[in-house]
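Inside the fold
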Amino acid sequence: MSIVREVFGYSSRNEAIYSYTIVNGNGTTMKLIELGAALQSLKVADREGRFEDVVLGYDNSKQYESGNGFYLGVVVGRSANRIKDGRFMIKGKSYQLEKNDGPNNLHSGSDGYSSRRWEGQIVDDERGQAVCFSIISPDGDQGMPGRLDLSVTYILTEDDSVILEYEGVAGEDTIVNPTNHSYFNLAGHSSGTIYGQKVWIDADEFTPSDEGLIPTGEYRSVSGTPLDFRAAKTIGQDINSDYEQLVRAGGYDHNYVLKNNGNVELVASLEDEKSGRYMEVYTDMPGMQLYTGNFLSGKVRGKDDCYYSKGGGVCFESQYFPDSVNNMAFESPVVSAGVPFEYVTIYKFSVR
Ligand code: GLA
């Protein structure tokens, strides 16, 4: 068991970017970096005890800083996913964010927390070995109201759970909707597509979206649709169906309505039957975006000089629903000034 801190690279402002490599008693190895508070690599064993890196990522800090619009492994904030027209109102005041996804705001615009340096620190935690990353986001940052002090702590436990704990406090009522944008591929980050891997999601409903991938406000039953993952099935089984929602998004890029009632509960899983690697997702957030890497273009140069193509990884982004700040049908992502908040998401690995 160990945590090693070393220089990963330098930012464009010439600040040193540190990485933290945590190894647990099973040999599971997690590497985190300060840019985007990213999960840069995660090596977990298969049935035979062979380790493979199961998350997509980059080898150098420049690519994390430029982001490339793919958000590999990073923490997204202040507000993950889309806000219609980049506009919203809080307490009768209107705010305009950058429109970086057609007419809409995606992942808080080009100056997201996902491409900034967070301050890393090794911390004590009884659950495992932990590193806390903090960021201070001033009032007006990205067009958002109020200062936000946000941290995300990653904890690697001895039972191969990666716990992500988001905590903080805001200076004014503001949106706080962070997520981790890791792309998982349980056969290995450079092994090709995830279409043969099996997903299960404990959700009876999803929120259909318009052409700009903004939810319409409808809650739709997954029953009889290709979005039904209540019985585990391969990602590829129905992905090419002509169901309008899938055609529109070029695959799965949809928010599921979770049934956890604000408690940290098992909500989804991913399985690679060949290697036996199995991952469970737990969260207390109300929604989860299933995103099957539809925009990965084959031109995305990743770790070990490999190229990530469409479907090269799958994201399970726990979140408040997209555009929930504008949609009265959805739970509000607005936190109150001075009231501390905490959200938890866990990725737990094992073999079957
Ligand atoms: C999220 C969005 C996708 C896409 C990716 C980043 O998952 O829902 O539409 O923007 O981020 O490529």
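Please refer to the structure higher up on the page.
These lines cover the structure that appears in this document, whether it is placed above or below. (Residues numbered from 1 in each chain as written. Predicted model: local features only at pLDDT ≥ 70, side-chain atom pairs only at ≥ 80, totals over all residues. Heavy atoms only, no water.)

**Considerations on the overall build of the protein chain**
What counts here: In DSSP terms, a helix is any run of H or I states spanning at least four residues, a strand is any run of E spanning at least two, and both are numbered starting from the N terminus. For each residue, the accessible area found with a 1.4 Å probe, counting protein chains only, is set against the maximum for its type, and the residue is called buried under 20%, exposed over 50%, and partly exposed in between. Every residue pair with non-hydrogen atoms within 4.5 Å of one another is taken to be in contact. The Shrake-Rupley method, run with a 1.4 Å probe, gives the accessible areas here. Residue values count only the displayed protein chains as cover. As used throughout, the charge tally considers Lys and Arg to be positive and Asp and Glu to be negative, leaving His and the chain termini uncounted. Charge coordinates come from a single atom per side chain, which is NZ of Lys, CZ of Arg, CG of Asp or CD of Glu.
Along the backbone of the protein chain there are two helices and 29 strands. In terms of principal-axis extent, the alpha carbons of the protein chain reach across some 55 × 50 × 40 Å. A burial count over the protein chain gives 58% of its 352 residues as buried. Residue pairs in contact within the protein chain that sit at least 24 positions apart in sequence constitute 65% of those at least 6 positions apart. Surface accessibility of the protein chain: about 13600 Å² in total, with carbon and sulfur atoms responsible for 46%. Between the mean site of the 32 positive side-chain charges and the mean site of the 50 negative ones, the protein chain shows a separation of 4 Å.

**Concerning the environment of Met30**
Tracing the chain through its elements places Met30 in strand β3 (residues 29–33). The exposure class of Met30 is buried, given its relative accessible area of 0%. When the C-alpha atoms of Met30 and Tyr20 are compared, they prove to be 8.0 Å apart, with 10 residues separating the residues in sequence. The contact partners of Met30, leaving out residues within four places of it in the chain, are Tyr20, Thr21, Ile22, Leu39, Ser41, Leu42, Tyr154, Ile155, Leu156 and Val162.

**Overview of the site of the ligand**
The test is simple: If even one non-hydrogen atom of a residue comes within 4 Å of a molecule or strand, that residue is called near it. For this analysis, a polar contact is any N or O atom pair within 3.5 Å, provided that within protein one partner can donate a hydrogen and the other can accept it, and provided that sequence-adjacent residues contribute only side-chain to side-chain pairs.
With respect to spatial proximity, 13 residues lie near the ligand, and among them Arg82, His107, His181, Asp253 and Glu317 are the closest. Taking His181, its side chain carries an N or O atom lying 2.8 Å from an oxygen atom of the ligand. With respect to the ligand, the side chain of Glu317 contributes an N or O atom lying 2.6 Å from an oxygen atom.

**What to know about the pairing of strand β22 (residues 265–271)**
Our working definition: At least two DSSP bridges between two strands are needed for those strands to be called paired.
The element β22 is extensively covered by neighbouring structure, given that five of its seven residues are classed as buried. With four bridges joining them, strand β17 (residues 198–201) and β22 adopt antiparallel strand pairing. Counted as the bridge partner of Ile201 is Ala268 from β22. The pairing of β22 with strand β23 (residues 277–283) spans six bridges and is antiparallel. Paired with Leu266 across the two strands is Tyr282, which belongs to β23. Here β22 folds back onto β23 in antiparallel fashion, the turn holding five residues, of which Gly276 has a positive phi close to 85°.

**What about the side chain of Thr29?**
As for its placement among the helices and strands, Thr29 is situated in strand β3. At a separation of 2.9 Å, a polar atom in the side chain of Thr29 contacts the main-chain carbonyl oxygen of Gly27. Excluding residues within four positions of it along the chain, Thr29 makes contact with Thr21, Ile22, Val23, Ser41, Leu42 and Lys43.

**Considering the pairing of β17**
Burial along β17 is one-sided: Val199 and Ile201 are buried, and none of Lys198 and Trp200, which face the opposite way, are. Relative to strand β20 (residues 233–234), β17 runs antiparallel, the two being bridged by two bridges. Bridge pairing in β20 links Lys198 to Thr234.

**Section: the sheet that holds strand β27 (residues 315–319)**
Strands sit in the order β19-β18-β21-β24-β27 across an open sheet of five strands; the sheet is antiparallel. Strands at the two margins of the open sheet, each flanked by one partner only, are β19 (220–221) and β27. Across two bridges, the pairing between strand β18 (residues 205–207) and β19 is antiparallel. What sits directly across from Glu205, in β19, is Ser221.

**Regarding the sheet that holds strand β14 (residues 161–170)**
Taken together, nine strands build an open sheet; the order of strands is β11-β12-β13-β14-β29-β23-β22-β17-β20 and the sheet is antiparallel. Because the sheet does not close on itself, it has two edges, and the strands there are β11 (119–123) and β20.

**Details of the environment of Gly192**
Summarising the element assignment, Gly192 is placed in the loop between β16 (179–180) and β17. A C-alpha to C-alpha distance of 37 Å links Gly192 and Glu331, two positions 139 residues apart in sequence. In this view, Gly192 contacts Asn185, Gly311 and Gly312; residues no more than four positions away in its chain are not counted.

**With respect to the state of the cysteines**
The criterion, for reference: When the sulfur atoms of two cysteines come within 2.5 Å, that pair is taken as a disulfide.
Applying the stated criterion across every chain yields a total of zero disulfides. Cys315 supplies the cysteine sulfur nearest to Cys306, a cysteine that is in no disulfide, at a spacing of 15 Å. The class for Cys306 is buried, based on a relative accessible area of 12%.

**Some remarks on unusual backbone geometry**
Going from Gly77 to Arg78, the amide bond is cis rather than trans, its omega being 0°. When you line up the elements, Arg78 lands in the loop between β6 (75–76) and β7 (82–83). Unlike most non-glycine residues, Asn14 shows phi in positive territory, near 70°. With respect to the secondary-structure elements, Asn14 resides in the loop between β1 (2–10) and β2 (16–23). Its identity as a non-glycine residue notwithstanding, Gln142 has a phi of 60°, on the positive side. By relative accessible area, which is 16% here, Gln142 ends up buried.

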